Amino acid sequence: MNPDGITAAVGESRPRIEGRLKVTGAARYTADVPVAGLAHGWVVTATVSRGRIRDIDAGEALAQPGVLGVLDHRNARRLNPDAGQYFGPDRSLPLLQDEVVAYAGRPIALVVAETPEQARAAAATVRVTYDAEPHDIEFSLAHPAARPASTLFGPEADTGDLEAELAASALVVDEVYHTPEENHSAMEPHVATAWWQDGHLHALDSDQGPFGISQVMASLFLIDPERAHIRAEHVGGGFGGKTVCGPQLILAAMAAEHFGRPVRVALTRRQVFLATGSRPPTEQRVRIGADADGRFRAVHHHAAFALSPLAEYIEWCTEQARTLYAAPAIRTELTAVPLDLLPPCSMRGPGATPGSFAFESAVDEVAERLGIDPLRLRLLNQPEVGPVSGRPFSSRRLVACLQEGARRFGWAQRDPRPRVRREGDLLVGTGVAAVAFIAGVFPSSATITAETDGTFSVRIGATDIGTGARTALIAVAADALGVGVERIRMHIGDSDLGMAAGAGGSRGTTSCAFAIVETAKALREKLAGATTPVTASVDTTPLINWRPDEDRYTYSAVFAEVTVDVATGEVRVRRLLGMFAVGRVINPLLARSQLIGGMIGGLSMALHEEGVRDPVTGRLVTADFAGYHISAHADVPGIEADFVADYEPQDPSGFNGLGEIGNAGVAAAIANAVWHATGTRHRTLPISLGRVV
Ligand code: MOS
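Residues numbered from 1 in each chain as written. Predicted model: local features only at pLDDT ≥ 70, side-chain atom pairs only at ≥ 80, totals over all residues.

**Some words on unusual backbone geometry**
Here comes step 1: Of the consecutive residues Leu685 and Pro686, the connecting peptide bond is found in the cis state with omega at -5 degrees.
Here comes step 2: Note that Pro686 resides in the loop between helix H14 (666–678) and helix H15 (689–692).
Here comes step 3: With a phi angle near 55 degrees, Ser185 is a residue other than glycine that sits in the positive phi range.
Here comes step 4: Relative to the elements of secondary structure, Ser185 occurs in the loop between strand S11 (171–179) and strand S12 (191–197).
Here comes step 5: Given 21 C-beta atoms within a 10 Å radius, Ser185 is considered buried.
Here comes step 6: Phi at Arg419 takes a positive value of approximately 60 degrees, unusual for a residue other than glycine.
Here comes step 7: In this fold, Arg419 is placed in the loop between helix H10 (398–409) and strand S19 (421–423). (Helix = DSSP H or I, 4+ residues; strand = E, 2+ residues; numbered from the N terminus. Buried ≥ 20, exposed ≤ 12 C-beta atoms within 10 Å, placed from the backbone.)

Written out as structure tokens, the structure is:
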């Protein structure tokens, strides 16, 4: 309770403020918003992995009823070839510019018609011929085109004398792990509606950060950034696949300009698989050298991932190796392998999620071979300071996560021997994994107006992709202003609200909360004695300490219990428990819900998700939910997610992000549990029937 008798909203569990609108269908997602004079675009995608378009014969399509025209590289407007996003120039952005095809699934034409059905029917008649060239989609760490990955996130680690420490180790685990290409598959497929007015681009887009995407669109269309207005009010999931500027938006904007009217482009589920990012496949070699008592002497994690030559990308798998455990020598290496594949983009805890599968599996293999309890091994090797950085941790409650998780899970009763628990045809096993997930904030700006009716209008370009971010930020604003939540009017999801972190990198809510808290402070100073509406705005850019003298992370410990059917090889997860240290929790109900969602994503990755390409054509053959399996309700057991007490000292309110950490660690915990059940290590995901039997 604050001095005015107002109960603090932060820390209270409240349902999503827009929940009723969503479950009654009243909340309008991008494709639900009616727009007068709307035309519809249907995307045509390339069917070869590499080559040149010889011809696009749209004659039949153009003769179909309702068809307004077909855009392709011959009539589309020119776009800025130098536009870029996160990792610099991105040559996958300018669509329909030339006849070159760099991956199967690349959008190469857009059929525009009065109705989506007419556009779809006409698109089916478009005949494309190619001069195909040999493609290369065979990913491996040893690929001749492999090269060091970008160090945009900082240099890889190299401390101590790795080879000497390995040579002095009583045990060296040296294993290779694989994860497949994976797809985000958000519930709401990518869709955008765009129109132009007086040289301004207006668009409704299903994305994770309209401000950032407005900047990319302005650069691509070479217009003043102030002239790109993007809105994303309700978004049906993203998982990273909507952090980047999507083809739906680029094509809708091109077509709206070309045909002089609003155009909507909705991708099909298939097109989401074919044309919007992916998690690249990884191959990871982990070497860990340890003394006989379990102390680590050497840690070496070399991870490789695939990307496209069209754009730089980083799947930063090596973070765990330099953060989780102390060792006199730590080396990490990151290798990029350019192939004729769909350009990857961030997906559900990029880097940390596949990285922790490999690394925390290897740690478990050390425990196995030394005959040490895997939980005890992890506790034994905890660092005092950042093992590579040498800096203190701002807050590190990983031990609390491991210990409290072990207590709740009943770890002490575990028989360490593999393949000893059996229930009929089922082998039963348990496993654990730890995670450190990098945390921080991105610059954001907020505006708050104290209205004459006693309410406060908060304007911030935040995005709520289904997590409850809007509701969390209302609580933050209420506490920062010292009023009840009913007096907060929250406006989000619009690039016109100013620069703000998108819902990505586990930083959307923390970054926007920081801006709101600082703005509320400024407003309260101005408010004293004011009688008219008062407005304050703050941009947090100068307030962010970019080179902190502390390492800022969130942490989790994941515990899994699995059964493995000895007859069918079916792995089922029976229990999952995640203990999280994610700073001060804004809304436990929504935070827990988000973490459980992430844990289901991890379960799905461990057992089901696998993008498969036909080596002959290079095409993704699992481009739908019939071929690309995700966990269904029946696969998901009771999941427990809870928090240890934590407070992030670098944030004025003690907050940290929790967007992605739920995902990381789950695959390793499950793989470790499968080993415990069966005595067999699975170093390749997913752990599907064929791999178990
Ligand atoms: Mo997240 S994969 O940064 O949306």
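After presenting the structure, the write-up continues.
**Here we look at the domain arrangement of the protein chain**
Here comes step 1: Its domain assignment divides the protein chain into domain 1 (19–28 + 442–543), domain 2 (33–134 + 187–237 + 242–275) and domain 3 (147–182 + 279–439 + 549–692).
Here comes step 2: For domain 2 versus domain 3, the distance between C-alpha centres works out to 36 Å.
Here comes step 3: Taken residue by residue, the interface counts 18 residues in domain 2 and 22 residues in domain 3.
Here comes step 4: Considering every element that reaches the side of domain 2 that touches domain 3, the biggest residue donor is helix H7 (residues 269–275), with four residues.
Here comes step 5: Residues belonging to the side of domain 2 that touches domain 3 are distributed by class as follows: seven nonpolar, six polar and five charged. (Domains from an automatic or database assignment. Contact = placed C-beta atoms within 7 Å. Nonpolar A, V, L, I, M, F, W, Y, C, P; charged D, E, K, R; others polar.)

**Considering the nonpolar core**
Here comes step 1: The biggest cluster of nonpolar side chains holds 223 residues, and the ones touching the most others in it are Val111, Met217, Leu473, Ala477, Ile516 and Ile670.
Here comes step 2: Filtering out sequence-adjacent residues up to four positions away, Ile670 remains in contact with Gly431, Ala560, Val562, Val573, Leu603 and Ala606. (Core = buried A, V, L, I, M, F, W, Y, C linked by C-beta atoms within 7 Å.)

**As for the environment of Val33**
Here comes step 1: Its place among the elements puts Val33 in the loop between helix H1 (19–23) and strand S1 (39–45).
Here comes step 2: Along the chain, Val33 and Ala256 lie 223 residues apart, while their C-alpha atoms are 16 Å from each other.
Here comes step 3: Apart from residues lying up to four places away in sequence, Val33 is in contact with Arg28, Thr193 and Leu204.

**Looking at the sheet that holds strand S24 (residues 534–539)**
Here comes step 1: Ordered by their spatial adjacency, four strands build an open sheet running S23-S22-S21-S24, and the pairing between neighbours is mixed. Each of the sheet's edge strands pairs with one partner strand only, and the pair in question is strand S23 (488–491) and S24. Along the sheet, successive strands turn relative to each other by an average axial angle of 15 degrees, direction set aside.
Here comes step 2: By the bridge criterion, five bridges tie strand S21 (residues 445–450) to strand S22 (residues 456–460) in an arrangement that is antiparallel. Of the residues in S22, the one forming a bridge with Ala450 is Phe456.
Here comes step 3: Lying on the sheet, helix H11 (residues 469–481) is in contact with S22 and S23; it crosses S23 at an angle near 135 degrees.
Here comes step 4: Across the sheet, helix H12 (residues 508–527) lies against S21, S22 and S24, angled at about 140 degrees from S24, the strand it touches most. (Pairing = 2+ DSSP bridges. Axes fitted to C-alpha atoms, helices over the stretch in contact; angles between N-to-C directions.)

**As for the sheet that holds strand S7 (residues 107–113)**
Here comes step 1: In spatial order, the strands read S3-S7-S1-S15-S12-S13-S14; together these seven strands make up an open sheet with mixed pairing. Whereas interior strands pair on both sides, the edge strands pair on one side only; in this sheet they are strand S3 (67–71) and strand S14 (228–231). Adjacent strand axes in the sheet meet at a mean angle of 20 degrees, parallel and antiparallel pairs treated alike.
Here comes step 2: Across four bridges, S12 lies against strand S15 (residues 263–266) in antiparallel orientation. Its bridge partner lying in S15, Thr193 is registered against Arg264.
Here comes step 3: Helix H5 (residues 210–221) contacts strand S13 (200–205) and S14 of the sheet and is inclined by roughly 145 degrees relative to S14.
Here comes step 4: On the sheet, helix H6 (residues 247–259) packs against S1, S3, S7, S12, S13 and S15 and is oriented at approximately 35 degrees with respect to S12.

**Details of the UniProt feature "domain: Aldehyde oxidase/xanthine dehydrogenase a/b hammerhead" (unreviewed entry) in the protein chain**
Here comes step 1: Here, the residues flagged by UniProt with the feature "domain: Aldehyde oxidase/xanthine dehydrogenase a/b hammerhead" (unreviewed entry) are residues 24–134.
Here comes step 2: Helix makes up 11% of residues 24–134 and strand 34%, and the two end C-alpha atoms of the span are 51 Å apart. (UniProt positions renumbered as here; feature names shortened; annotations may be inferred.)

**A few points about the packing of helix H13 (residues 588–607) against H14**
Here comes step 1: The contact between H13 and H14 brings their axes to 8 Å, and the two run at 50 degrees. Relative to H14, H13 is oriented oblique. Between H13 and H14 the crossing geometry is right-handed. Counted together, Met599, Gly602, Leu603, Met605 and Ala606 of H13 and Val666, Ala667, Ile670 and Ala671 of H14 form the full contact between these two elements.
Here comes step 2: Broken down by class, the residue content of the contact of H13 with H14 amounts to eight nonpolar, one polar and no charged. (Parallel < 35°, antiparallel > 145°, perpendicular 65-115°, else oblique. Left-handed = near helix turned anticlockwise from the far one by under 90°.)

**Considering the pairing of S23**
Here comes step 1: Burial along S23 is one-sided: Ile488 and Met490 are buried, and none of Arg489 and His491, which face the opposite way, are.
Here comes step 2: Handedness of the β-α-β unit built from S22, H11 and S23 comes out right-handed. (Right-handed = clockwise from strand over helix to strand, strands pointing away.)

**Details of the environment of Ser308**
Here comes step 1: As for its position among the elements, Ser308 is in the loop between strand S17 (296–307) and strand S18 (329–338).
Here comes step 2: For the pair Ser308 and Pro387, spaced 79 residues apart in sequence, the C-alpha to C-alpha distance is 33 Å.
Here comes step 3: Leave out the neighbours within four places in its chain, and Ser308 touches Ser92, Ala102, Tyr103, Pro338, Leu341, Leu342 and Pro343.

**What to know about the packing of H11 against H12**
Here comes step 1: Interhelical geometry of H11 versus H12 gives an angle of 25 degrees and a closest axis separation of 9 Å. The angle between H11 and H12 places the two elements in the roughly parallel class. H12 is crossed by H11, and the crossing has right-handed handedness. Here Ala469, Ala472, Leu473, Val476, Ala477, Ala480 and Leu481 of H11 lie close against H12, whose contacting residues are Gly508, Thr509, Cys512, Ala513, Ile516, Val517 and Ala520.
Here comes step 2: Taken together, the residues that form the contact of H11 with H12 break down as 12 nonpolar, two polar and no charged.

**A short note on H11**
Here comes step 1: With 13 residues, H11 should cover 18 Å at 1.5 Å per step; its first-to-last C-alpha distance of 18 Å lies within 8% of that length.
Here comes step 2: Across the 13 residues that make up H11, a large majority, 13, are buried.
Here comes step 3: One or two residues past the end of H11 sits Gly482, with phi positive at roughly 70 degrees. (Expected span 1.5 Å × (residues − 1).)

**Side note on the environment of Ala513**
Here comes step 1: Within the secondary structure, Ala513 is located in helix H12.
Here comes step 2: Each C-alpha atom, one on Ala513 and one on Ile586, is 9.9 Å from the other, the two residues being 73 residues apart in sequence.
Here comes step 3: In this structure Ala513 touches Leu473, Val476, Ser653 and Phe655, once residues within four positions along its chain are discounted.

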